Each structure stands twice: as C-alpha cells, then as structure tokens.
Amino acid sequence: MSQDNFSFIESILNTMQNPISYKDRNGVYLKVNKIFATQIAGLPEEQIIGYTLPEIAWKAAEKFPERAYINEIFLPDHVGKWDKEDFELLKNGGTSTHEYKGVCADGIKRTFLINKSTFNSDKGEITGLITILQDITELKKSESVLKENLESQNKLNEQLQKSEETYRSLIENFKGIVFQADENFIPRFLHGAVKEITGYNKEEFTSSELRWIDIVDPECLPIICENRRKLRGLSDYRVLEVEYRIISRNGEIKWVHEICQKISGTAGGHTYQCVIYDITKRKETEKILANLEAARKKEIHHRIKNNLQVIYSLLDLQAEKFSNRECIQNSEILEAFRESQDRVMSIALIHKELYAGEGNDALNFSLYLQRLVKNLFQTYRVGNTDISLKMDIEENIFFDTDIAVPLGMIVNELVSNSLKYAFKNKDKDKGKLQVKLSSQEIESELIDELSGSKNEPAGRRYTLKVSDNGSGIPETIGLKNPNTLGLQLVRVLVDQLEGKIKLSKGKGTAFTINFSIADNTDSVFYPLQFFV
C-alpha cells in the first residue's frame, strides 16, 4: 500500500466517531483511530501501536491508578478474558458481537456494541482482527425509559382492567339505579336494576321514548319539580335527597329514594349524577311500625286520661267529705280542692284529645283551647249570667305535649281566676272575658316586642292573651313577686315555655304571653362523590 493510500485511510478512520482498532495475528495493535486512543485507552497512539492488549492495560493501570481495578479485579487480569476471545477469533476466523458497559478513560460510563471481525490476505489466510465500538448509551437509556413506560402502561392497563371488572361487578350487583342526566334531566345512561325497579328497559329511557318523570306518581310531581329547581341553583358537588313514589310498568306503586349531585362541565354546561334506591319495603315497614306506635301512644294517652280522672274523682270525694262540715264549707280548703281538680282536668282533657286523634303527639290546640275555656266558663259562671265570653282563636294550631300541657294549665289558671275574682264587684257594665290565640311567621333577628332582643331563630311566634273588663287586679299583686299559687304557677310554666309574660292593669286585667317555636330545617350537605 502506498503512503498516500495509507494516509487517506488513516484520515478516514480519525474522522469517524466510533472507536476503531485492528491488530495482527499475534494480538499486536497495528492501528487505532484517535477516539479509541483518547476515549477507550486513554493513551497516545505510540503507546498503543506495537503492543498487545495486556501490555496496554499495564500502562493504563500505571498512568491511572483509579482505573487499575474493575469490579475489584486488576485491569491486566480483567482484559485477559478479552484477549483470549480475540485469539480464538484469530485462530478460527469469523465475527463476534456483544455489548459492554463500563467507565471509559474520560471517566464517563458508556455502553458499547462491540463488533469484531477477522480479515484475510489475498491468499485467504487470516492476517488480523478489526474491532469497531458503537456507542449505544443513549439508545440503552431510551430503551430503559421505553421499558419503564411499557411496564407502567402494563400496570395501568391491569389496574384499569381490574377497575372495569370491579365497576362492572358493582353495577351488575347494584340493587339500585345509577344514571347521569343532562341539564334538562334527560338520562344519558342508566345502569343497575332499572327493569327490576321500574319494569322498563334502560333503552326506553335513554332513547327518549320514555322520560323518568313520566313514571312519577302525579301526587309527587310537585316534589320532583321543586327538587330539580333547587338542584339547578346549587353549587357544584352539592347533593340533594328526596323520596317519592313511582308507578312501574305493571301499575305497582313503589317508593324510591333519590340522591342527586350537580357537576359542571368544561364547556360551561352541567350534568347531574344520581342514585335511586327502591325503599318500598322500608316504607311498608315504617308504616307498620308507625301504626303500632300510634296505637301504643293512643293506649298511653287513654291510660293517663283514666288515671287523671281517678285523681279528679278522689279529689272530688275528699272535697265532698270536707264540705259536710259546717265550719269549713266556705274555707280555702274546698277552694284548693276545686282548683286542683281544674288543673288535673285541664291535663286530662289534653290526653283525651290525643287519644281521640290519630295517635301522634300533635294536638290541635285550637280545638282543645275552645273546649277547655267553655268548660271553665260553664263551671264558674253558675249563678252569674252577666258574663260573656269571646274567643278569637286561630284555627289549626298544633302543639306537642311539651307545649300543650303547660300552656293548657296557664289558660286554666288565668281563665278560672278571672271568672272567680274579676267580676265580684262589677255593678254597671256586663262582664266580658276574652281569650285570644294567634301566631305569626318569624325570621332571624325579629325584635321581641317585650324584651327588645334580637337574633330570634326562624320559626313561628305565638301570642296568648287572656283579658277581662273586671275590677282589675290589686296593685299589691304583680308578676315579680306573686303572692298567689296561681300566679306563681303561671310564672313557672311561662319560664318552662321559654316565653315572656306581660301584665296590663287599667280597665280590667290583661295577661299577654309570647313564646316561639323554631323551625326544623333540612340541610344541604357535601357528600363524597359516589361515582365518576
């Protein structure tokens, strides 16, 4: 080979970015390019050409002590394995390809694909071995990243598959109905026990052949319309619950419990996610239990009424015993017995009304008050026909026993006292007794007319007024220091109602009592999102 040709080949090798070397049959390096010398061996070419691989390793170990060991094996011993493989190729001929990862002379860890091949003379004899190293470090990194991504994707696919199986199992075994509706409450999809609950196929709802509202009991339509109006006004992810009746395909009436959640979409619209449960059996059970409870309460009220009537009769017998004695016929003892009888009877009348009702604890106090006052008026007006009664009582005011009993006793005390004492010295005009009961709706911070306080809870305020045009209550008697048992009892009972009482003196006497009952409001709450 001419010197020009040799220089040309050397120039080509040095411009290549792959480390290249070739050696003769004895393992002596004949030529290396620059990148092999600097990156792989870390030695100048003159210290490589003319030397074998173990000799070059000794030089490198002496020059770079920090690289003298690879995996705790001395560098000349480590490369001995490579040298042996090279001699096998030089002996038998052929090619070899393998990967190697290690730290290069410049201190950078790289991965190479090492390609080796023997070359022959014109006579076909093996004359040497050429080695080309291809840097595949970035390729291996990409493969590693790709492998990690594939593994992550496989894991994600497995998780998705498990989630789908779990979701499918949940829906298939779900005893209710899950559906998503658009902003007009038209279902986009339904899953669950649609046919079992409604008798219709889910396709009938999603194809617009049938609307959900079409199977709602007409009596419950106002409830559904109001619930949807509230849902539209709610902020995202808030929930409303409602119970109503539906009519299935076969005409059966069923109770359902609906839970709906508002979800805003990315395009500015919104959807509704809803779950519906069949609660028919629960409602039937509740009705049976309610009937049993109503019967139990009626029996309790009946027994209390009977017991109070026994007490009333005992007091009557005891009073009759004392009345046969001339010395105490007009004494306070008989009056005390009579007043106690009236108090017992006012309570007994409440339980009589409750027993005659539907078995719940709500008493129509308007009707009760009329009966109580008329009974007292007939009892105390005997012998005095100049007293007239006016009742101005708002209809259908209902109280439970916690309110009705103390309020009934208050009316008993005030009306009986008025009938007993207000008209004794009445000469000119006829006596007039008036009983008034009214109510008004209140909002928070309504000012109390008696105390001037604010922040009263929303609900209803009730006003009871008992007044007469009699001779008036003595100036020595007041509410702060009442010296009679009746007024003391009234004060205690008003406090029990957490109310206020006002006494007006002038042309007669007027007692005004105010008390309030707060509303029980249903709350709207944030629940966990029940499905996606």
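All figures in this text were calculated on a predicted structure; none of them were measured in a lab.

Q: Now, about empty space enclosed by the protein: what can you tell me, with residues and values included?
A: Across all of its chains, the model carries two cavities of 30 Å³ or more by this definition. Of the volumes computed, that of the largest cavity is approximately 90 Å³. Along its surface, the largest cavity is lined by Phe179, Ala181, Phe185, Pro187, Trp212, Ile224, Asn227, Arg228, Tyr244, Glu258, Cys260 and Cys274. Counting only elements with at least two residues in the lining of the largest cavity, the list comes to strand 8 (177–181), helix 8 (221–233) and strand 11 (253–264). It is helix 8 that contributes the most residues to the lining of the largest cavity, three residues altogether. Here the lining of the largest cavity is composed, by residue class, of nine nonpolar, one polar and two charged.

Q: Break down the pairing of strand 19 (residues 508–518) for me, citing the residues and quoting the values.
A: The element strand 19 is extensively covered by neighbouring structure, given that eight of its eleven residues are classed as buried. Here strand 17 (residues 459–468) pairs with strand 19 via ten bridges, running antiparallel. Within strand 19, the position partnered with arginine 460 by the bridge is isoleucine 517.

Q: Residue-level account of the sheet that holds strand 6 (residues 109–120), with values.
A: Taken in spatial order, the five strands make up an open sheet running 2-1-7-6-5, and their pairing is antiparallel. With one partner strand each, in any of the chains shown, strand 2 (29–32) and strand 5 (95–103) form the two edges of the open sheet. Here the average twist between neighbouring strands, direction ignored, is 20°. Here strand 1 (residues 20–24) pairs with strand 7 (residues 126–135) via five bridges, running antiparallel. Within strand 7, the residue paired with isoleucine 20 across the bridge is isoleucine 132.

Q: Tell me about the state of the cysteines, and name the residues and values.
A: Taken as a whole, this structure holds one disulfide when the rule is applied. A sulfur-sulfur separation of 2.2 Å characterises the disulfide bridge that pairs cysteine 260 with cysteine 274. Residues cysteine 260 and cysteine 274 share a disulfide whose torsion about the S-S bond is about 110°; that sign makes it right-handed. With cysteine 260 in strand 11 and cysteine 274 in strand 12 (residues 270–278), this pair connects stretches of sequence that are 14 residues apart.

Q: How would you sum up helix 8? Please name residues and give values.
A: Compared with the 18 Å implied by 1.5 Å per residue over 13 residues, the 19 Å span of helix 8 between its first and last C-alpha is a close match. Every buried residue of helix 8 is listed here: Ile224, Asn227, Arg228 and Leu231. For helix 8, the angular spread of the buried residues around the axis is 100°, confining them to a single face. Residues of helix 8 that are exposed and angled more than 90 degrees away from the buried face: Pro222, Arg229 and Gly233. Looking at the buried residues of helix 8, the elements they touch are strand 10 (239–247), strand 11 and strand 12.

Q: Describe in detail helix 4 (residues 75–92), supporting the description with residues and values.
A: Over its 18 residues, helix 4 runs 27 Å from end to end, which matches the ideal 26 Å to within 8%, given 1.5 Å per residue. Of all the bends in helix 4, the greatest, near 30°, is centred on lysine 81. Those residues of helix 4 not exposed but buried are Leu75, Pro76, His78, Val79, Asp83, Asp86, Leu89 and Leu90. Among the residues trailing helix 4, glycine 93 stands out with phi positive, at a value near 80°.

Q: Mind laying out the sheet that holds strand 10, listing which residues take part and the relevant values?
A: The strand order across the open sheet formed by five strands is 9-8-12-11-10, and the pairing between neighbours is antiparallel. Every interior strand has two partners, whereas the edge strands, strand 9 (187–192) and strand 10, have only one. Neighbour-to-neighbour, the strand axes of this sheet turn through a mean angle of 20°, independent of strand direction. Pairing of strand 10 with strand 11, which is carried by nine bridges, proceeds in the antiparallel orientation.

Basis of the calculations
- Residues numbered from 1 in each chain as written.
- Predicted model: local features only at pLDDT ≥ 70, side-chain atom pairs only at ≥ 80, totals over all residues.
- Heavy atoms only, no water.
- 1 Å grid on protein atoms, 1.4 Å probe; cavity = no way out; pocket = protein on both sides within 12 Å on 5 of 7 lines; lining within 4 Å.
- Points joined across faces, edges and corners; volume = space filled by probe spheres on them.
- Helix = DSSP H or I, 4+ residues; strand = E, 2+ residues; numbered from the N terminus.
- Nonpolar A, V, L, I, M, F, W, Y, C, P; charged D, E, K, R; others polar.
- Buried < 20%, exposed > 50% of the residue type's maximum accessible area, 1.4 Å probe, protein only.
- Pairing = 2+ DSSP bridges.
- Axes fitted to C-alpha atoms, helices over the stretch in contact; angles between N-to-C directions.
- Disulfide = S-S within 2.5 Å.
- Expected span 1.5 Å × (residues − 1).
- Arc of directions from axis to C-beta.
- Contact = heavy atoms within 4.5 Å.
- Bend = angle between axes of the 7 residues up to and from the residue.

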